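Residue-level structure breakdown
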Amino acid sequence: MIHILKKIMATGVVTEDYDKGEVPERFRGQITIEKGECKNCCRCITSCPTKAIREQAGYLTIDHKACIFCGRCVERCEAEQLKHTSKYKLATCSSITANIGTLLGRKIQSIFGRSLHIRHVDAGSCNACDFEMNALSNPFYDLQQYGIDFVASPRHADMLMVTGVVTRNLTQALLMTYEAMPTPNLVMAVGACAASGQVFGSSYAMCGAVDKVLPVDIYVPGCPPRPQALLYGLLLTMDKL
Ligand code: SF4
Ligand code: SF4
Ligand code: SF4
């Protein structure tokens with residue numbers, strides 16, 4: 001026992017504030033478009049595996065929900081118009097939530113402001129998003145310090161966190177989990193698969209993004225999003241930032 005206590009004392013506090021920690025040097029975050037001379041060669045558009053880059057009214061746009069940060073567009077752009085950044089705070093509220101604005105924000109804060117219980121459903125992920133989500137509960141990120149925790153039953157959950165593209169075989173399980181939750185509740189789509197459905201494309205086995213089957217309140221882009229990105233999305237939801 002003394003040996004264990006000595007070890008705990010020697011280790012000290014390992015938990016850190018989620019946005020104080022440095023991201024690794026090689027971390028790939030949000031892609032940005034520089035304000036330079038674009039040659040309109042469209043190589044970035046054709047090289048993007050998830051069709052995240054599009055041209056709209058003569059301008060390039062990047063759908064961050066679909067981007068997997070692979071860097072192909074950056075490599076293919078000879079004019080050096082595209083750049084990787086280390087920005088991971090990319091979580092966004094759905095357009096409906098954002099339009100209702102501060103009223104809904106205040107309501108969410110009053111209901112979920114002190115604690116948030118999450119039920120997770122893997123609707124068809126490659127498991128990388130799930131590993132990052134599991135890391136939230138370790139002593140380093142210590143999700144519980146914010147009053148947030150995972151629960152085993154949807155009946156005790158305020159939020160449904162979905163990872164992976166929605167596969168047809170798991171659609172019913174996902175809908176049943178959502179229907180078993182008390183209202184009001186929130187739905188978070190984690191990762192490019194859940195947020196856009198464009199990683200695997202369309203096939204007989206896929207329904208696509210989570211918002212094809214459920215109303216999504218928060219999208220967390222990334223492939224996978226790092227734990228800090230997930231924490232940012234959760235704290236944004238609870239209006240604790
Ligand atoms: S980083 Fe990859 S997925 Fe993202 S826009 Fe560029 S090519 Fe597309
Ligand atoms: S690859 Fe570069 S130069 Fe070509 S369209 Fe894309 S941003 Fe412009
Ligand atoms: S978003 Fe990327 S990491 Fe997450 S489930 Fe899809 S492929 Fe895997």
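Source: prediction; values computed, not measured.

**Structural notes on the sheet that holds strand β10 (residues 186-190)**
If you trace the six strands from one edge of the open sheet to the other, you get β5-β12-β10-β8-β6-β7, paired in mixed fashion. Looking at strand neighbours, the two that pair on one side only are β5 (92-93) and β7 (148-150), the edges of this open sheet. Together, β6 (116-124), β8 (159-164) and β10 form the strand contacts of helix α7 (residues 168-180), whose direction differs from that of β6 by roughly 165°. Of the strands in this sheet, β5, β6, β7, β8, β10 and β12 (218-220) touch helix α9 (residues 227-237), which is tilted by about 160° from β10.

**Brief notes about the site of ligand 3**
Ligand 3 sits among Ser125, Cys126, Ala128, Cys129, Gly191, Ala192, Cys193, Gly222, Cys223 and Pro224. Of all the secondary-structure elements, those providing two or more residues to the shell around ligand 3 are α6 (128-135) and α8 (191-196). Per-element accounting of the shell around ligand 3 gives the leading share, three residues, to α8. Taken together, the residues that form the shell around ligand 3 break down as seven nonpolar, three polar and no charged.

**Thoughts on a nonpolar patch on the surface**
On the surface, Met1, Ile4, Leu5 and Ile8 cluster together to form a nonpolar patch covering roughly 450 Å² of accessible area. Tracing the sequence through the fold places Ile4 in helix α1 (residues 2-11). Assessed through its relative accessible area of 48%, Ile4 is described here as partly exposed.

**A look at the site of ligand 2**
If you check the shell around ligand 2, you find Cys38, Lys39, Asn40, Cys41, Cys42, Cys44, Leu60, Cys77, Ala79 and Gln81 and nothing else. Using a 2 Å cut-off from the grid points, one finds that ligand 2 occupies the largest pocket. Taken together, the residues of the shell around ligand 2 sort by class into seven nonpolar, two polar and one charged.

**Details of the packing of aromatic side chains**
Applying the stated rule across the entire model yields one aromatic pair. The interplanar angle of 85° and the centroid separation of 5.0 Å between the aromatic rings of Phe140 and Tyr141 together place this pair among those described as edge-to-face. What makes Phe140 partly exposed here is its relative accessible area of 32%. The exposure class of Tyr141 is buried, given its relative accessible area of 10%. Seen from the ring of Tyr219, Lys65 lies directly overhead, with NZ or CZ sitting 3.9 Å from the centre.

**Thoughts on unusual backbone geometry**
Glycine aside, negative phi is the norm for most residues, and most peptide bonds take the trans geometry. The omega torsion across Thr183 and Pro184 is -5°, close enough to zero to call that bond cis. Within the element layout of this structure, Pro184 appears in the loop between α7 and β10. The omega torsion of the bond from Cys223 to Pro224 falls at -5°, within 30 degrees of zero and hence cis. Along the chain, Pro224 turns up in the loop between β12 and α9. Its identity as a non-glycine residue notwithstanding, Asp142 has a phi of 45°, on the positive side. Here Asp142 is to be found in the loop between α6 and β7.

**Some words on the pattern of salt bridges**
Going through the model one piece at a time under the given rule, you end up with two salt bridges. In this structure, Glu78 engages Arg43 in a salt bridge whose closest nitrogen and oxygen atoms are separated by 2.6 Å. One end of the pair, Glu78, is in the loop between α3 (72-76) and β4 (82-84); the other, Arg43, is in helix α2 (residues 43-47), with 35 residues separating them in the sequence. Residue classification places Glu78 among the exposed residues on the basis of a relative accessible area of 57%. Residue classification places Arg43 among the partly exposed positions, given a relative accessible area of 26%. A salt bridge links Asp63 to Arg54; the nearest nitrogen and oxygen atoms lie 3.8 Å apart.

**Quick look at empty space enclosed by the protein**
Under the counting rule described, the total for this entry stands at one cavity of 30 Å³ or more. Taken as a whole, the largest cavity encloses approximately 90 Å³ of empty space. Forming the boundary of the largest cavity are 14 residues, of which Cys48, Ala52, Cys67, Cys70 and Cys73 lie nearest the centre.

**Some remarks on the layout of surface pockets**
The volume enclosed by the largest pocket comes to roughly 360 Å³. Lining the largest pocket are 21 residues, and of these Cys38, Lys39, Asn40, Leu60 and Gln81 lie nearest its centre. Where the lining of the largest pocket is concerned, the elements lending two or more residues are α2 and β3 (59-62). Considering each element in turn, the lining of the largest pocket owes the most residues, three residues, to α2. Classifying every residue of the lining of the largest pocket by side-chain character gives eleven nonpolar, four polar and six charged.

Cut-offs used in this document
- Residues numbered from 1 in each chain as written.
- Chains lettered and ligands numbered in written order.
- Predicted model: local features only at pLDDT ≥ 70, side-chain atom pairs only at ≥ 80, totals over all residues.
- Heavy atoms only, no water.
- Pairing = 2+ DSSP bridges.
- Helix = DSSP H or I, 4+ residues; strand = E, 2+ residues; numbered from the N terminus.
- Contact = heavy atoms within 4.5 Å.
- Axes fitted to C-alpha atoms, helices over the stretch in contact; angles between N-to-C directions.
- Near = heavy atom within 4 Å.
- Nonpolar A, V, L, I, M, F, W, Y, C, P; charged D, E, K, R; others polar.
- Patch = residues over 30% accessible without salt bridge, like charges linked within 9 Å, V, L, I, M, F, W, Y side chains within 5 Å.
- Areas by Shrake-Rupley, 256 points an atom, 1.4 Å probe, with all protein chains shown as cover.
- Salt bridge = Lys/Arg side-chain N within 4 Å of Asp/Glu carboxyl O.
- Buried < 20%, exposed > 50% of the residue type's maximum accessible area, 1.4 Å probe, protein only.
- 1 Å grid on protein atoms, 1.4 Å probe; cavity = no way out; pocket = protein on both sides within 12 Å on 5 of 7 lines; lining within 4 Å.
- Sits in = over half its atoms within 2 Å of the grid points.
- Phe/Tyr/Trp six-rings, centres within 6.5 Å; stacked < 30°, edge-to-face > 60°.
- Lys NZ or Arg CZ within 6 Å of the ring centre and 35° of its normal.
- Points joined across faces, edges and corners; volume = space filled by probe spheres on them.

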